[in-house]
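Observations on chain architecture
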Amino acid sequence: MRIIRDYSFVTEEDRGAAAAIGNFDGVHLGHQSVIDLTRAIAADSGVPLGVMSFEPHPRQFFAPKAPAFRLMSPEARAHRLDKLGVERLYELPFNATLSALTPEEFASKVIVDGLGLTHVVVGADFCFGKGRAGSVEDLKRFGADMGFGVTVAELLHGHKGEVSSTAIRDALTDGRPRDAQAMLGHWHRMDGEVIGGDQRGRELGYPTANMSIDGLHRPKLGVYAVLIDVLDGPHAGSYHGAASLGVRPMFGENKPNLETFIFDFSGDLYGAQISVGLVDYLRPEEKFDSLEALIAQMDADCAKARDILAAL
């Protein structure tokens, strides 16, 4: 997959795709259905399969101090789209210039002149242009006038209602990772670099791979059964484990992070990129009366997590 980050300077090789347009936060089943529809159109036309997204997310641009809401980082999104067979990711910079374009200017300057897209696919609730003034009907009209095809994908509904990034965030906030998985089509994953910690886990017999969750939506704090992928380095591979997402109340007030204990693993992961998938919520964070009580609970947590993950 090629990533294009500037619609003003695009090679001929990267022009002419059929592209799905949206933010694709989480790359959930609704997003995947839009991409699959685009895939069929691209194959019929003999053009590359593309996705147009924006960085930062427009919501971040307009409200930079609002609580973190993203389900995945740009890197994790790109990795997921690559696995889905996307050939061109147009990750356009969402800035004052782009946000000021009228709907017609967006169609002409970005879709036609900039990227030369032959066809675009959007969701039924798609809005675009300054003030989100453009509708799907406007997009169809511009496409007819400017020479690109437009397909509108219906919103996808699951057994509990509409599949959306908002519904997935709600499920994670409530500690329901399996409900999130049902809408995502994959386990909700938190990706990042393993960073240094205070070594307390190692002293307790549970060394952990620590990861920052800055910039990401925060699931319910507590202990989870997890699946771990080490994405690079000598220990690359897939593992089972248990993770604590929280502030470590036994040791004062701390910034929330993710601490993952990998079962039956020995090795140094500092600096490695890992992906931690939340499978089941086991319990909330607790402050124990003693380290012995904490260790006993960690033993029980890991035994329960092993049983859950063995049954997948």
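What this report covers is the structure whose coordinates are included nearby. Since we're looking at a predicted model, the values are computed, not measured.

1. Some details on the sheet that holds strand β13 (residues 257-262)
- In space, the six strands of this open sheet follow the order β9-β14-β11-β12-β13-β10, with antiparallel pairing throughout. A single partner strand is all that each edge strand has here, and the edge strands are β9 (188-193) and β10 (209-212). In this sheet, neighbouring strand axes are inclined to one another by 35 degrees on average, regardless of whether the strands run parallel or antiparallel.
- Examined bridge by bridge, β9 and strand β14 (residues 273-283) share six bridges and lie antiparallel to one another. Within β14, the position partnered with Gly192 by the bridge is Ile274.
- With respect to the sheet, helix α8 (residues 177-184) is in contact with β9, β11 (222-230) and β14, its orientation differing from that of β14 by roughly 130 degrees.
- Contacts between helix α10 (residues 291-310) and the sheet are confined to β11, β12 (237-246), β13 and β14, with β14 contributing the most and set at about 100 degrees to the helix.

2. Digging into the sheet that holds strand β6 (residues 149-153)
- Spatially, β1-β4-β3-β2-β5-β6 is the arrangement adopted by the six strands of the open sheet, whose pairing is parallel. Of all the strands in the sheet, just β1 (2-4) and β6 have a single pairing partner and so form its edges. Mean inter-strand twist for the sheet, computed between neighbouring axes without regard to direction, equals 25 degrees.
- In terms of strand pairing, strand β5 (residues 119-123) meets β6 through five bridges, oriented parallel. Counterpart to Gly123 in the pairing with β6 is Ala153.
- Its contacts with the sheet put helix α5 (residues 103-114) on β2 (18-21), β3 (49-55), β4 (88-93) and β5, and the angle it makes with β3 is roughly 120 degrees.

3. A closer look at the side chain of His186
- Locating His186 in the fold gives a position in the loop between α8 and β9.
- For His186, the side chain forms a polar contact with the main-chain oxygen of Val27, separated by 3.4 Å.
- For His186, the residues in contact, after removing those within four places along its chain, are Gly26, Val27, Gln32, Arg80 and Gln181.

4. Focus: the pattern of salt bridges
- Tallied over the full model, the rule gives 19 salt bridges.
- The salt bridge partner of Lys140 is Glu137, with a shortest N-O separation of 3.6 Å. Taken together, the positions of Lys140 and Glu137, both in helix α6 (residues 136-146) and three residues apart, correspond to about one turn of that helix.
- A relative accessible area of 37% places Lys140 in the partly exposed class.
- Where Arg283 meets Asp301, a salt bridge forms, and the shortest distance between an N and an O atom there is 2.8 Å. On the criterion of sequence distance, the pair formed by Arg283 in strand β14 and Asp301 in helix α10 is long-range, its members being 18 residues apart.

5. Description of α10
- Helix length check: α10 (20 residues) gives 28 Å between terminal C-alpha atoms against 28 Å at 1.5 Å per residue, within 8%.
- All of the buried residues along α10 are Leu294, Met298, Asp301, Cys302, Ala305, Ile308 and Leu309. An end-on view of α10 places all buried positions within 125 degrees of arc, on one side of the element. Seen from the open side of α10, the exposed residues pointing more than 90 degrees away from its buried face are Glu292, Asp307 and Ala310.
- Residues of α10 that are buried make contact with α8, β11, β12, β13 and β14.

6. Examining helix α1 (residues 29-45)
- Its 17 residues give α1 an end-to-end C-alpha distance of 24 Å, which sits within 8% of 24 Å, the value for a rise of 1.5 Å per residue.
- Residues of α1 that are buried: Gly30, His31, Gln32, Val34, Ile35, Thr38, Ile41 and Ala42.
- Immediately downstream of α1, the backbone of Gly46 shows phi near 70 degrees, a positive value.

7. Quick word on the nonpolar core
- By size, the foremost hydrophobic cluster in this structure holds 28 residues, and its most contacted members are Met52, Tyr90, Val110, Ile111, Leu115, Leu117 and Leu139.
- Elements represented by at least two residues in this core include exactly β2, β3, β4, α5, β5 and α6.
- When residues of this core are assigned to their parent elements, the largest contribution, four residues, is made by α5.
- Residue contacts for Leu115: discarding those within four places in its chain leaves Tyr7, Val10, Asp14, Arg15, Gly16, Met52, Tyr90, Leu92 and Val110.

8. Quick notes on unusual backbone geometry
- The omega angle of the peptide bond from Glu55 to Pro56 is 0 degrees, so this bond is cis rather than trans.
- Topologically, Pro56 is positioned in the loop between β3 and α2 (58-62).
- Here Arg132, not a glycine, exhibits a phi torsion of approximately 50 degrees, which is positive.
- Mapped onto the fold, Arg132 is located in the loop between β5 and α6.
- Residue class for Arg132 comes out exposed when judged on its relative accessible area of 57%.

9. Thoughts on the packing of aromatic side chains
- Using the criterion set out here, one finds twelve aromatic pairs in the structure.
- Ring geometry for Phe61 against Phe62: centres 5.1 Å apart, planes inclined by 80 degrees, an arrangement best described as edge-to-face.
- Summarising the aromatic geometry, the rings of Tyr239 and Phe265 are spaced 5.3 Å apart at their centres and angled 80 degrees between planes, so their arrangement reads as edge-to-face. Taken together, the residues span a long stretch of sequence, with Tyr239 in strand β12 and Phe265 in the loop between β13 and β14 at a distance of 26 residues.
- Owing to a relative accessible area of 21%, Phe265 belongs among the partly exposed residues under this scheme.
- Three or more aromatic residues joined by ring pairs make a cluster, and in this case those are Phe54, Phe61, Phe62, Phe94, Phe106, Phe126, Phe128 and Phe142.
- Lying across the ring of Phe69, Arg59 places its NZ or CZ 4.0 Å from the centre.
- The aromatic ring of Phe263 is capped on one face by Arg306, whose charged end is 4.2 Å from the ring centroid.

Conventions adopted
Residues numbered from 1 in each chain as written. Predicted model: local features only at pLDDT ≥ 70, side-chain atom pairs only at ≥ 80, totals over all residues. Heavy atoms only, no water. Pairing = 2+ DSSP bridges. Helix = DSSP H or I, 4+ residues; strand = E, 2+ residues; numbered from the N terminus. Axes fitted to C-alpha atoms, helices over the stretch in contact; angles between N-to-C directions. Contact = heavy atoms within 4.5 Å. Polar contact = N/O pair within 3.5 Å; in protein donor to acceptor, adjacent residues only side chain to side chain. Salt bridge = Lys/Arg side-chain N within 4 Å of Asp/Glu carboxyl O. Buried < 20%, exposed > 50% of the residue type's maximum accessible area, 1.4 Å probe, protein only. Expected span 1.5 Å × (residues − 1). Arc of directions from axis to C-beta. Core = buried A, V, L, I, M, F, W, Y, C linked by side-chain atoms within 4.5 Å. Phe/Tyr/Trp six-rings, centres within 6.5 Å; stacked < 30°, edge-to-face > 60°. Lys NZ or Arg CZ within 6 Å of the ring centre and 35° of its normal.

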